[in-house]
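# A look at the structure
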Amino acid sequence: MGFLYLEQYVRSEVLDPRGCDWYGSVAVRNQATQQEVGKEKFHKSQHWGFCNNVRMLVSDAKPGIGGEPLPGQKVKPKCSTFPTGDGTDAPSWVAFDKQVLSFDAYLEDEVPDKSQENYRIRRCKIYFYLEDDTIQVNEPELKNSGLPQGTFIRRHRIPLPPPDEDQFYTVDHFNIGIDIVFYGRTFKIYDCDTFTQNFLRKIGVKLNPPGQCPEDPYMKTRRETLECTEPLRPYEPFDTLKQFLEYDGKVLRFFCLWDDSVSLFGDRRELILHYFLADDTIEIKELLPHNSGRDAMSLFLRKCKLPKYGPPGVYQPGQITDRTVLNVYCGLTETGVIGFLLDKYKPEKLEQDFYKDTDLAIGTTINVWGRKVLLCDCDEFTKSYYRTKYGVENFTSISCKAPPPPKIERKFPPYTGFGSEEDSLSSCIGLMPTPLKKNFKKLMEKDSYGNISNILRFFAKLITDRCADVDRLFVISYFLSDDTIQVFEPIEKNSGLTGGTFLKRSRVKKPGQEIFKSELSEYIQPEELYVGVTVNINGYLFLLLNADEYTLNYMEKNLDKYPFSNFELAMQKVKAEESKSIEIKQVFRAADSDNTMMVDYNAFREILMSLTVGKLIDQEIITIARHYRVPDEPCQDFDVLIARAHEYFKKNDFQNFDRLLANCVYEDRAKKNVLPRKDIRRLCKSSRLPLTDDFLESLLSRFEDSEGQINYESFFSTLNWRANPMPELEAPPYLKERCEEIWLGMPSPVPVKYINYIALLKDMLGLEED
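Here's what I pulled together on the structure shown here. In this text the structure is predicted, and so the values were computed from the model without any measurement. (Residues numbered from 1 in each chain as written. Predicted model: local features only at pLDDT ≥ 70, side-chain atom pairs only at ≥ 80, totals over all residues. Heavy atoms only, no water.)

This next bit is on helix α16 (residues 677-686). Of all the residues in α16, the buried ones are Arg677, Asp679, Ile680, Leu683 and Cys684. All buried residues of α16 project into a common sector of 165 degrees when viewed along the axis, lining one side. Exposed side of α16, more than 90 degrees from the buried face: Lys678 and Ser686 are the residues found there. As for α16, its buried residues are in contact with α15 (657-667), β24 (674-676), α17 (693-703), β25 (709-711) and α18 (712-719). (Buried < 20%, exposed > 50% of the residue type's maximum accessible area, 1.4 Å probe, protein only. Helix = DSSP H or I, 4+ residues; strand = E, 2+ residues; numbered from the N terminus. Arc of directions from axis to C-beta. Contact = heavy atoms within 4.5 Å.)

Have a look at this one:
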């Protein structure tokens with residue numbers, strides 16, 4: 001059977017969280033209803049009535065009404081409403097939350113069967129929690145006690161000793177100078193803290209005077225023994241705490257160099273020196289380059305104090321020590337005590353000088369256990385440290401890098417004449433000869449594609465004293481993809497010469513080079529070929545007379561390699577003859593007898609050559625003539641144009657006419673089967689039609705109507721060489737026709753047929769047309 005019991009707690013004056021200032025509250029504990037033999041359970045109404053009566057008695061009997069509050073206590077205005085006990089007011093644990101009474105106590109434990117001690121004193125702390133009357137006992141940890149210390153009794157409500165084991169300890173059971181029993185162990189309370197004293201006085205408890213905790217006899221004997229055997233008495237302090245707290249984590253960093261190249265197999269080694277300001281120790285790490293062949297060590301010198309004069313050698317025991325301890329002998333008496341004494345004079349101690357921060361500076365050489373290490377540089381923190389503390393401003397760094405070793409020129413044996421020079425050289429470089437690696441990037445960029453050939457073609461004449469070879473003409477092709485040259489001779493009937501390939505495609509060496517040498521030979525480069533220059537190809541002299549359209553356009557686009565194709569530079573040479581303006585005008589007017597305002601190329605070349613007295617070369621004259629040329633009119637026969645177009649398509653295997661026609665149908669939104677000329681040209685360019693710009697313009701002009709429209713179906717059907725083939729053209733014989741003015745035997749056609757000399761005179765001399 002359960003029963004309801006009442007516990008009365010007299011509390012000190014505290015601050016109610018709800019604003020009511022009251023103390024002396026009564027906590028009514030309503031435990032689970034139980035049935036006990038011989039006891040009668042309280043009725044609920046009787047229980048709460050009795051609680052209210054007790055609360056009123058406590059409130060009336062509250063000591064110190066109108067008196068002074070406890071020290072440190074906050075006082076609020078009195079609340080006219082007191083707890084009624086009907087369950088609507090705040091519970092008691094809210095008022096006493098986080099308020100604990102602390103008592104100092106000790107416990108005497110008997111120690112049987114030990115001659116050194118009969119009992120042991122164990123100090124404890126008793127905590128009484130006012131919020132729920134729980135008690136916790138803790139034992140402070142004592143060094144080398146050999147006992148499990150810490151929480152002696154966990155926090156809970158502790159019952160009274162028999163015969164009152166049905167009740168629990170309350171605040172009324174505690175005082176100074178009394179014995180209290182917890183589970184059969186007697187704790188003697190000898191003191192408490194200030195808060196506990198004020199609290200107990202406030203609730204009306206008369207405190208006993210505080211006492212002293214007796215000393216443990218075994219710990220006393222042990223302490224005396226340790227004090228007698230302590231070797232550092234009298235104690236000599238070494239105060240390094242201030243330096244540690246001020247400079248902990250602050251490190252000076254220097255970049256160093258140890259030059260060990262004078263020793264056998266030695267070299268220059270780069271180091272990093274760390275100086276720890278907290279304890280004046282030095283640590284050195286090594287910077288190992290890649291593939292150095294050395295094992296990667298964590299430290300070159302471990303963290304320690306570095307002596308200035310090392311290595312010092314081997315010392316006797318006791319020479320290197322901070323303290324010298326002397327044994328004190330007091331005889332063979334029973335009361336004689338063996339003690340120790342610290343030698344203040346230290347006659348045999350060796351003084352060692354260690355490196356300090358004042359000894360380190362850029363350019364200083366320090367001794368690292370016999371190794372001369374040069375300080376070359378430092379970091380920014382180190383510079384600011386020396387600048388602030390010592391006023392140092394000069395931090396000129398020294399290069400740690402070794403001077404570059406003298407480059408040893410590798411000598412190869414001379415070329416033997418077997419195979420190519422590159423193959424012979426590769427056999428000298430490695431045991432397994434490898435073929436020469438070609439410039440694949442250049443090959444892909446300069447390879448022929450579409451109508452872009454990347455081949456420079458020149459008409460050339462053979463310079464020789466043999467009468468049979470004087471009139472021989474050749475076509476020299478320079479391939480930009482691999483810098484090779486091919487020489488071809490046109491076939492001429494009844495000439496007595498076979499013609500054909502004169503020199504197969506290969507690289508051509510420059511003349512005047514030694515054959516059997518160690519270095520690779522130099523070959524003819526594309527910038528060395530231009531109109532008017534004489535080229536030596538394997539002992540044959542060729543005079544370059546003319547070039548095709550692609551070659552001339554390529555030269556004009558790459559003026560950095562071909563300065564003779566620069567129109568501005570060529571015009572500067574012509575403008576230098578401004579003093580001959582009247583003579584120039586008369587010469588051009590005499591050459592233009594029909595007043596057509598243009599002259600042919602041969603006359604134009606002869607006039608400029610005579611006026612400039614050889615200052616201009618053929619390439620510069622061609623550049624000027626191309627700038628002032630009169631556009632050629634498309635006067636070729638329609639069938640000839642279509643046949644030539646079919647020939648180009650066959651050579652390049654171009655068959656995308658259906659795709660071109662489909663693109664035209666897509667562009668023809670009006671469905672009129674016609675498109676503007678510019679749209680047809682754009683579609684042909686996007687499809688990479690293998691025709692030159694001039695030839696394409698000639699074809700478009702033949703199919704263009706009066707409104708500038710072209711019937712795309714008729715245009716591409718005519719160009720389709722498979723659907724509408726044309727008879728092949730017969731190649732005309734290649735005759736060495738000469739120009740009207742025989743000057744160098746240039747083959748026809750000439751680079752430019754007619755030149756507008758009026759525009760030239762306007763730009764050169766500022767002359768106006770009459």
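Back to the write-up after that little detour.
On to the pairing of strand β11 (residues 281-287), then. The side chains of a regular strand alternate, residue by residue, between the two faces of the sheet. Two strands pair when backbone bridges link them, and strand β10 (residues 268-276) and β11 are joined in this way by 7 bridges, in the antiparallel orientation. Within β11, the position partnered with Ile272 by the bridge is Lys285. Following β10, the chain reverses through 4 residues before pairing antiparallel with β11; Asp280 in that reversal takes a positive phi of roughly 60 degrees. Strand direction decides the pairing type here: β11 and strand β12 (residues 301-304), joined by 2 bridges, are antiparallel. Bridge pairing in β12 places Ile282 opposite Cys304. (Pairing = 2+ DSSP bridges.)

What follows is about the side chain of Ser477. Mapping Ser477 onto the fold places it in strand β18 (residues 473-479). Overall, the relative accessible area of 9% leaves Ser477 in the buried class. Other than its neighbours up to four places away in sequence, Ser477 contacts Ile455, Leu456, Arg457, Thr484, Ile485 and Gln486.

What follows is about the packing of aromatic side chains. How two aromatic rings sit relative to each other is set out by the distance from centre to centre and by the angle between their planes. Under the criterion given, the structure shown has 30 aromatic pairs. Relative to Phe516, the ring of Tyr415 has its centre 6.5 Å away and its plane inclined at 25 degrees; by these criteria the two rings are stacked. Taken together, the positions of Tyr415 in the loop between α6 (380-389) and α7 (421-429) and Phe516 in the loop between β20 (500-506) and β21 (534-537) put the pair 101 residues apart, joining distant regions of the chain. Judged by its relative accessible area of 13%, Tyr415 is buried. Among the aromatic residues, those joined into a ring-pair cluster are Phe103, Phe128, Phe152, Tyr169, Phe174, Phe182 and Phe187. The residue whose ring lies beneath Arg155 is Tyr129, and the NZ or CZ to ring-centre distance is 3.7 Å. (Phe/Tyr/Trp six-rings, centres within 6.5 Å; stacked < 30°, edge-to-face > 60°. Lys NZ or Arg CZ within 6 Å of the ring centre and 35° of its normal.)

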